[in-house]
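As a plain string of letters, each chain reads:
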Amino acid sequence: MKNIIMDEIAIKRAISRISNEILEKSKGPEDLILLGIVSRGEDIADRISSKILEIESIKVPVYAINPINFRDDRENSRELDLNIDMNGKTVILVDDVIYTGRTVRAALDAILSIGRPKAIRLVSLVDRGHRELPIRPDFVGKNLPTAKREKVVVELSEVDGQDKVYIES
């Protein structure tokens, strides 16, 4: 059973609002880097970058980050295939859904293993609660209280052919 929470228009509005909030908090697009957590976080980061370009006429670079090697529930190499200079920059880390916070914590470890940004801010299209770590997004598209047994699904046209967010029971 699917309960649609956000449709294409709601997602577009959330991206627009988040983009404006990022610009306001950062006092412009200078020295920003968008890091999208694979896979849909990268697509959301691309949309934010496009919106910022529309607003400010400056293209904010977007990179993909896969923090799987930095998760605390796996034994991995702790290596990251990301070669960018983020020292002194404001990194905007983008994810589709934040749940326990463990993926974000792994991404933070990965980022700090390769550089020292001026600041790291977190974007989540959907915040579903149930955090296990003291991590909170700076910019949220939709706060969505859920039961642990439910699954929040984000579909984006770049991957799924359509834009929507829904809950699966």
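Note that the coordinates shown come from a computational prediction; the quantities given were computed from them, not determined experimentally. (Residues numbered from 1 in each chain as written. Predicted model: local features only at pLDDT ≥ 70, side-chain atom pairs only at ≥ 80, totals over all residues. Heavy atoms only, no water.)

## Observations regarding the overall build of the protein chain
Selection criterion: Helix numbering and strand numbering both begin at the N terminus, where a helix is a DSSP run of H or I of at least 4 residues and a strand a DSSP run of E of at least 2. Radius of gyration: C-alpha atoms only; globule rule: 2.2 Å multiplied by the number of residues to the exponent 0.38. We call a residue buried when its accessible area falls under 20% of the maximum for its residue type, exposed when it is over 50%, and partly exposed in between, using a 1.4 Å probe and counting protein chains only. Reported accessibility uses the Shrake-Rupley method at a 1.4 Å probe radius. Residues are deemed covered only where the shown protein chains occlude them. For this count, His and the chain ends are skipped, Lys and Arg are scored as positive, and Asp and Glu as negative. We put the charge of a Lys on NZ, of an Arg on CZ, of an Asp on CG and of a Glu on CD.
Across its full length, the protein chain carries 4 helices and 8 strands. Counted from the first residue to the last, the protein chain has its helices and strands arranged as β-α-β-α-β-β-α-β-β-β-α-β. In terms of overall dimensions, the protein chain is globule-like: its C-alpha atoms have a radius of gyration of 15 Å, near the 15 Å expected for 169 residues. If you line up the protein chain on its principal axes, its C-alpha atoms span 45 × 45 × 30 Å. In the protein chain, which comprises 169 residues, the share counted as buried stands at 47%. As displayed, the protein chain offers around 8,900 Å² of accessible surface, 43% of which is attributable to carbon and sulfur atoms. Taking the 27 positively charged and 29 negatively charged side chains of the protein chain as two groups, their mean positions are separated by 5 Å.

## Some thoughts on the packing of helix 1 (residues 8-26) against helix 2 (residues 40-56)
Stated precisely, the cut-off is as follows: Axis definition: a line fitted to C-alpha atoms, limited for helices to the stretch in contact. Angles are taken between N-to-C directions and run from 0 to 180 degrees. Left-handed describes a crossing whose near helix is turned anticlockwise from the far helix by less than a right angle; the clockwise case is right-handed. We call two residues in contact when some of their heavy atoms are within 4.5 Å. All amino acids are sorted into three groups, where Ala, Val, Leu, Ile, Met, Phe, Trp, Tyr, Cys and Pro are nonpolar, Asp, Glu, Lys and Arg are charged, and the leftover types, Gly among them, are polar.
Between helix 1 and helix 2, the least distance of the axes is 9 Å, while the angle of their chain directions is 65°. For the pair helix 1 and helix 2, the crossing hand works out as right-handed. Residue-level contacts link Ile-11, Ile-15, Ser-16, Ile-18, Ser-19, Asn-20, Ile-22 and Leu-23 of helix 1 to Ile-44, Arg-47, Ile-48, Lys-51, Ile-52, Ile-55 and Glu-56 of helix 2. Of the residues assigned to the contact of helix 1 with helix 2, the class counts are 9 nonpolar, 3 polar and 3 charged.

## With respect to the sheet that holds strand 5 (residues 119-127)
Note the cut-off: For two strands to count as paired, DSSP must find a minimum of two bridges between them.
Spatially, 3-2-4-5-6 is the arrangement adopted by the 5 strands of the open sheet, whose pairing is parallel. Of all strands in the sheet, those with a lone pairing partner are strand 3 (62-65) and strand 6 (139-143), marking the two edges. Across the sheet, the axes of successive neighbouring strands diverge by a mean angle of 25°, strand direction being ignored. Pairing between strand 2 (residues 32-37) and strand 3: 4 bridges, direction parallel. Counterpart to Gly-36 in the pairing with strand 3 is Ala-64. Contacts from helix 1 reach strand 2, strand 4 (90-98), strand 5 and strand 6, with the element oriented near 150° to strand 6.

## Looking at the side chain of Thr-90
Looking at the element boundaries, Thr-90 is found in strand 4. In this structure, Thr-90 is in contact with Asp-31, Leu-32, Ile-33, Lys-118, Ala-119 and Arg-121, ignoring residues within four places of it in sequence.

## Digging into the environment of Asn-66
So the rule is basically this: Whenever a nitrogen or oxygen atom comes within 3.5 Å of another N or O atom, the pair is scored as a polar contact, on the condition that within protein one atom can donate a hydrogen and the other can accept it, and that pairs from neighbouring residues in sequence are kept only if both atoms are in side chains.
As for its position among the elements, Asn-66 is in the loop between strand 3 and strand 4. For Asn-66, a relative accessible area of 42% corresponds to the partly exposed category. Sequence separation between Asn-66 and Ala-107 is 41 residues; the distance between their C-alpha atoms is 7.4 Å. If sequence neighbours within four positions are ignored, Asn-66 has contacts with Val-38 and Leu-80. From its side chain, Asn-66 meets the backbone nitrogen of Ile-68 in a polar contact 3.2 Å long.

## Focus on the packing of aromatic side chains
Condition: Only centres within 6.5 Å qualify two rings of Phe, Tyr or Trp (six-membered ring in Trp) as a pair; their planes then separate them into stacked at under 30 degrees, edge-to-face at over 60, and tilted for everything else. Only lysine NZ and arginine CZ atoms are considered, and such an atom sits over a ring when it is within 6 Å of the ring centre and within 35 degrees of the ring normal.
Within the structure shown, the criterion is met by 0 aromatic pairs. The ring of Tyr-99 has Arg-128 lying over it, and the distance from NZ or CZ to the ring centre is 4.0 Å.

## A few points about the pattern of salt bridges
This is how it is decided: Here a salt bridge means any side-chain nitrogen of Lys or Arg lying within 4 Å of a carboxyl oxygen belonging to Asp or Glu.
Per the stated rule, a full pass over the model turns up 9 salt bridges. Between Arg-47 and Glu-158 there is a salt bridge, with its nearest N and O atoms 2.7 Å apart. One end of the pair, Arg-47, is in helix 2; the other, Glu-158, is in helix 4 (residues 157-160), and 111 residues separate them in sequence. A salt bridge links Asp-127 to Arg-131, with the shortest nitrogen-to-oxygen separation between them at 2.8 Å. Here Arg-131 falls in the partly exposed class, since its relative accessible area comes to 25%. Salt bridges sharing partners connect three or more residues here, namely Arg-47, Glu-158 and Asp-163.

Shape descriptors only; they carry no functional weight alone.
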